[in-house]
Amino acid sequence: MKGGALAAAAAASPCLPNLAFAEQIKKLEQEGWTKRPVACTMCGAFCGLIEMRKEGEPVSEKTVRIFPNPGHPQQGYCGRSAATMWVWNHPLRLKKPLKRVGEKGEGKFKEITWDEALDGIAGQLKTIVEKYGESSIASTSHTFSGFSKWITLPLGSPNSIGHASSCNAGGISGRQWVFGKGFDGAGKMEPDYANLRYLLLIGRSMGAAMGALHTLNVARANGARVVSIDPRMPDISYGDVDWVGIRPSTDAAFVMGLINRMIQDGTADFDFIQKHTNGAYLVRENGHPLTQADFVAGGDKTKYAVANAAGEISFRGLKKNETGEMVFDEDPSFKAILEDVAPVKLVDGITIPVKTAFEVVKETAAPYTPEKVFEITGVEPGILLRIAKDFTNLKGVIDDGWYTSKNGTDVQLYQLICIANAMNGNIDIPGGLVVTVGAGLKIPSVSAGKGPNGETWQMAKEKRIDKIVYPEASATFKVALQAAVTGKPYPIKGVFFVGTTMFHREANSQELAEQLKKLELCVVQDVLPQELVDYADYVLPATYFMERKEMAGVKWALDGSIYLSDPGLTPPKGCEARHDVWILLEILRRAFPEKAARVGYKECKTAEEFNKYFDAFTNKGFNKFLAQCESQKPGWAAKIKKDIETQGWSTIKTKKYNQYPYHKPFGTPSGKVEIYAFQSFKNEAYEKAIAPISGYIPSPAFTAPKQNSNEFILASGKNCVTCSGLNMFTQPTRYLGDRTVWMNPVDAQRLGIKNGDMAEIEGIDTNYVGQARITVTNKVVPGAVFAFGFSGGNRTKHLVNDPEYQFVKEGINSHWYATGYAQPVFGNVANNSSVRIKKVRG
Ligand SMILES: Nc1nc2c(c(=O)[nH]1)N[C@H]1C(S)=C(S)[C@@H](COP(=O)(O)OP(=O)(O)OC[C@H]3O[C@@H](n4cnc5c(=O)[nH]c(N)nc54)[C@H](O)[C@@H]3O)O[C@H]1N2
Ligand SMILES: Nc1nc2c(c(=O)[nH]1)N[C@H]1C(S)=C(S)[C@@H](COP(=O)(O)OP(=O)(O)OC[C@H]3O[C@@H](n4cnc5c(=O)[nH]c(N)nc54)[C@H](O)[C@@H]3O)O[C@H]1N2
Ligand code: SF4
Ligand SMILES: [Mo]
């Protein structure tokens, strides 16, 4: 396709139809291959794929081919999805239930039958629950459709805890502090990739991340400019993306430098700041906001004070309208000022000096001159000035992140990133940071105290364990593991790990290994023998996404769309893998049949029986959804059904721009975009642990390395092949995966290290020593080293003894060196660390 045609196609649709693939799919169809829609979970992002199958022949990687689903709102696009069939009949695939026979961590198992495994686990579960209560049982997973909750919640334990503290918790929390509850979750707000003009990626590799790369490429074809700020050069930087190297953990100084320039140069969107942020809201000298209650006896503490040039005071807040919706309650004609408010007289007769929230932001940003930013970050002053100019001229957007568990200061960084976006006035406009719409499809499921058929029950009285320690935690599973050792805040005795590697997910591997050894019951459900398996009492072979049906909303797209994933494979011959939810409910039923009944579950012996039970929820949810759509627009239900049948997805709601915060309030206390977080005043502990706005904070997670020595910050991340627990074992990763540690030539020369040398890598804080080959490359900044997160460093023992698969053990796992520091309020964990490096041999 020529440039013009490409641009035209892109303009017509946010999803550029992938013609080359569409043609191949069509050709195979003509040759008699059948077509099925699939939602990919090779990394858990659920991108839209197409599975083509040569019917009548045995299933293999030759008779099943995977393509991106052309036109899908979140089109699949990566090397890992291409490796899908290498997993299905992988030689190391877990085939039968296993019971540990050696010590924990040793990896010695014997094969047992499903009945033996399920009865054995159920017996232990019952004993533990009777002794320590339901809450002593926890479960966790990566996303994988939230299967892990199907044991804990019906059991009555609140401890169904996700993986966020090692993934996107920093981003979620930073966003929560600026946009509030309801806008903080994954996928609730996104950069409008398809309509971008200018995108700053700060610590976001876009290695294929969350299905956004395809849409981003549409914008790039349309001339959008992309800048990557990263200690290492990510693959996206090949071609037209500008890579700016930065010292790890110093990004807040860079963003503050940007905010400072926008204010000093007058290029910030002051009109937006005045009207749609809390910038004009008055605060006392101690930073606390002034409300109507400070000015009027009996005044409302949720109505915030603003002033105009004449020194008059007005109040802004929220109210419910006639239909019960929250709307802004303010005088739109009142011209609130952002600076230089005269002292104000309060209800108690005292006159006090005041500032605006904007002034606090301005003062916090003021020290971050280009020179100061250079000193902290290593980014040249000229580059900062250029980026500030382009960012404001093009009304650019800074990606507000995905993998944001790096340095322990991530919440503050992502808060600043959201603030910089708001000060650029690009919230909820085309090419900005926008609020997505959901499709509204709800599949009945289990939640705390509520079953899929309307059942209700009493949950255990304890609070979710991580919330006790980190009150605003999205999910900090390490608290449950700590409790296995300390018994505090209450004991955890048994854990179900449903599709998660733990060793490649969580910081501080030594601590993790010790915690796992303390569990009385450790059940691991997986597809492949990753390192966690070695610590399990029982290992249970699970089906993976190609072997089950699912319907849900498309996860990370602006429009509200729904998808069907119906790959229709069954596990290969000799593999007794079963659906994760069946495994969990069968264990529950055998231990507590009355609790399994809470979700309407009775014994299902065969996979077919179980699918009937489980698919009924999907059918019920879908039928209800169709009826709702039909009542809104006759004929719509038939169209949706046809879409699903022919393409595997259907778009239900189209994103409308200019809604938040122009007409509808955000979830913050003020309803505005809070460039100064009022939520930090929720209580004194918060105020100490998370300022309403912070500048650069050196990482509290690791000892800073000495400059120009053999000490480095070790950063990690992903790319298109060397990632995710599933992919680690596949042949593409064997040959394309990078299990080396990257080092800048300047540092390598000082240490006498040549490209390919074997080096010893020792944790400064954890003292762990590992070995890896060094790649000497300009693709990493001096003073930092880089290793991919999921490529090697897998220490699994007996189950991986096939010489073909020794490659998974090469290299390091950056978690050997990370301390496991967690932010005190949000509990997001830091995965970066500091290490010492010395050459071992050439
Ligand atoms: N290819 C691939 N794609 C995936 C996944 C996968 O496993 N592989 N997993 C999915 C998941 S779960 C997620 S959360 C998303 C994540 O998608 P992204 O958010 O794009 O995450 P990463 O690819 O890990 O990129 C993180 C980047 O941060 C850089 N970095 C590390 N420390 C610092 C620092 O201190 N400052 C700065 N500026 N940069 C730093 C790393 O070098 C790396 O390039 O991707 C999803 N998609
Ligand atoms: N150093 C470093 N650490 C990181 C990251 C990084 O970039 N660098 N990234 C972080 C991020 S963003 C995340 S999300 C986490 C991810 O960390 P993990 O939660 O470990 O995620 P995955 O690698 O996707 O591992 C999924 C596991 O589930 C198995 N599996 C796949 N499908 C199924 C299924 O259907 N059922 C069952 N039972 N099992 C299944 C796979 O074989 C694999 O072992 O790691 C975090 N940790
Ligand atoms: S980014 Fe790749 S691996 Fe992840 S869901 Fe999408 S297609 Fe699959
Ligand atoms: Mo993630």
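As shown above, the structure is provided for reference.
In this text the structure is predicted, and so the values were computed from the model without any measurement.

Trainee: Which residues make up the overall build of the protein chain, and what values do they have?
Mentor: Across its full length, the protein chain carries 25 helices and 31 strands. Relative to the compact-globule value of 28 Å for 842 residues, the protein chain shows a C-alpha radius of gyration of 27 Å, a close match. The principal-axis extents of the C-alpha atoms in the protein chain amount to approximately 80 × 75 × 65 Å. Taking all 842 residues of the protein chain together, the buried fraction comes to 61%.

Trainee: Describe the side chain of serine 173, listing the residues and the values that go with them.
Mentor: Along the chain, serine 173 falls in helix α7 (residues 169-179). Engagement of the side chain of serine 173 in a polar contact is seen with the backbone oxygen of alanine 169, the distance being 2.8 Å. Residues contacting serine 173, with those up to four places away along its chain left out, are Val411, Ser474 and Phe826.

Trainee: Give me the lowdown on the sheet that holds strand β2 (residues 48-53), citing residues and values where you can.
Mentor: The strand order β1-β2-β3 describes an open sheet built from 3 strands, whose pairing is antiparallel. The two strands at the open ends of the sheet, each matched to only one other strand, are β1 (34-39) and β3 (64-68). Here the strands of the sheet are splayed against their neighbours by 30 degrees on average, with no regard to which way each runs. Here 6 bridges tie β1 to β2, and the two strands are oriented antiparallel to one another. Paired with proline 37 across the two strands is isoleucine 50, which belongs to β2.

Trainee: I'd love a proper account of helix α5 (residues 114-132), names of residues and values included.
Mentor: Over its 19 residues, α5 extends 26 Å from the first C-alpha to the last, a length consistent with the 27 Å expected when each residue adds 1.5 Å. Taken as a whole, α5 has its buried residues at Trp114, Ala117, Leu118, Ile121, Ala122, Leu125, Ile128 and Val129. Taken down its axis, α5 places every buried residue within 135 degrees of arc, on the same side. Facing away from the buried surface of α5 by more than 90 degrees, the exposed residues are Thr127, Glu130 and Lys131.

Trainee: Before we move on, can you summarise the site of ligand 2 with the specific residues and values?
Mentor: Thr500, Thr501, Asp526, Gly725 and Ser814 are the nearest of the 32 residues found near ligand 2. Contact between ligand 2 and glycine 499: an oxygen atom at 3.4 Å from a main-chain N or O atom of the residue. Between ligand 2 and histidine 815, the relevant distance is 2.8 Å, taken from a nitrogen atom to a side-chain nitrogen or oxygen of the residue. Considering ligand 2 on its own, with 920 Å² of exposed area, one finds that the protein chains cover 98% of that surface. Sorting the residues of the shell around ligand 2 by element identifies β21 (521-526) and β26 (711-717) as the ones contributing at least two each.

Trainee: Can you break down the layout of surface pockets residue by residue, with the values?
Mentor: In this approach the atoms are scanned with a rolling probe the size of a water molecule, which exposes any empty space left behind. In this structure, the second largest pocket spans a volume of roughly 560 Å³. Lining the second largest pocket are 28 residues, with Arg247, Pro705, Gln707, Ile713 and Gly783 sitting closest to its centre. Going through the elements one at a time, α13 (370-377), β26 and α25 (745-751) are the ones with two or more residues in the lining of the second largest pocket. By residue class, the composition of the lining of the second largest pocket is 14 nonpolar, 9 polar and 5 charged. Domain assignment of the residues forming the lining of the second largest pocket places at least three in each of domain 2 (169-269 + 364-435) and domain 4 (711-839).

Trainee: I'd like a rundown of the packing of helix α9 (residues 251-264) against helix α14 (residues 381-393), residues and numbers included.
Mentor: Between α9 and α14, the shortest axis-to-axis distance is 10 Å and the interhelical angle comes to 60 degrees. As far as their axial angle goes, α14 and α9 are oblique. You can see that α9 and α14 cross each other, and the crossing is right-handed. Between α9 and α14, the residues in contact are Phe254, Gly257, Leu258, Arg261 and Met262 and Leu384, Leu385, Ile387, Ala388, Phe391 and Thr392, respectively. Its residues placed into classes, the contact of α9 with α14 shows 8 nonpolar, 2 polar and 1 charged.

Calculation rules
Residues numbered from 1 in each chain as written. Chains lettered and ligands numbered in written order. Predicted model: local features only at pLDDT ≥ 70, side-chain atom pairs only at ≥ 80, totals over all residues. Heavy atoms only, no water. Helix = DSSP H or I, 4+ residues; strand = E, 2+ residues; numbered from the N terminus. Rg over C-alpha atoms; globule rule 2.2 N^0.38 Å. Buried < 20%, exposed > 50% of the residue type's maximum accessible area, 1.4 Å probe, protein only. Polar contact = N/O pair within 3.5 Å; in protein donor to acceptor, adjacent residues only side chain to side chain. Contact = heavy atoms within 4.5 Å. Pairing = 2+ DSSP bridges. Axes fitted to C-alpha atoms, helices over the stretch in contact; angles between N-to-C directions. Expected span 1.5 Å × (residues − 1). Arc of directions from axis to C-beta. Near = heavy atom within 4 Å. Areas by Shrake-Rupley, 256 points an atom, 1.4 Å probe, with all protein chains shown as cover. 1 Å grid on protein atoms, 1.4 Å probe; cavity = no way out; pocket = protein on both sides within 12 Å on 5 of 7 lines; lining within 4 Å. Points joined across faces, edges and corners; volume = space filled by probe spheres on them. Nonpolar A, V, L, I, M, F, W, Y, C, P; charged D, E, K, R; others polar. Domains from an automatic or database assignment. Parallel < 35°, antiparallel > 145°, perpendicular 65-115°, else oblique. Left-handed = near helix turned anticlockwise from the far one by under 90°.

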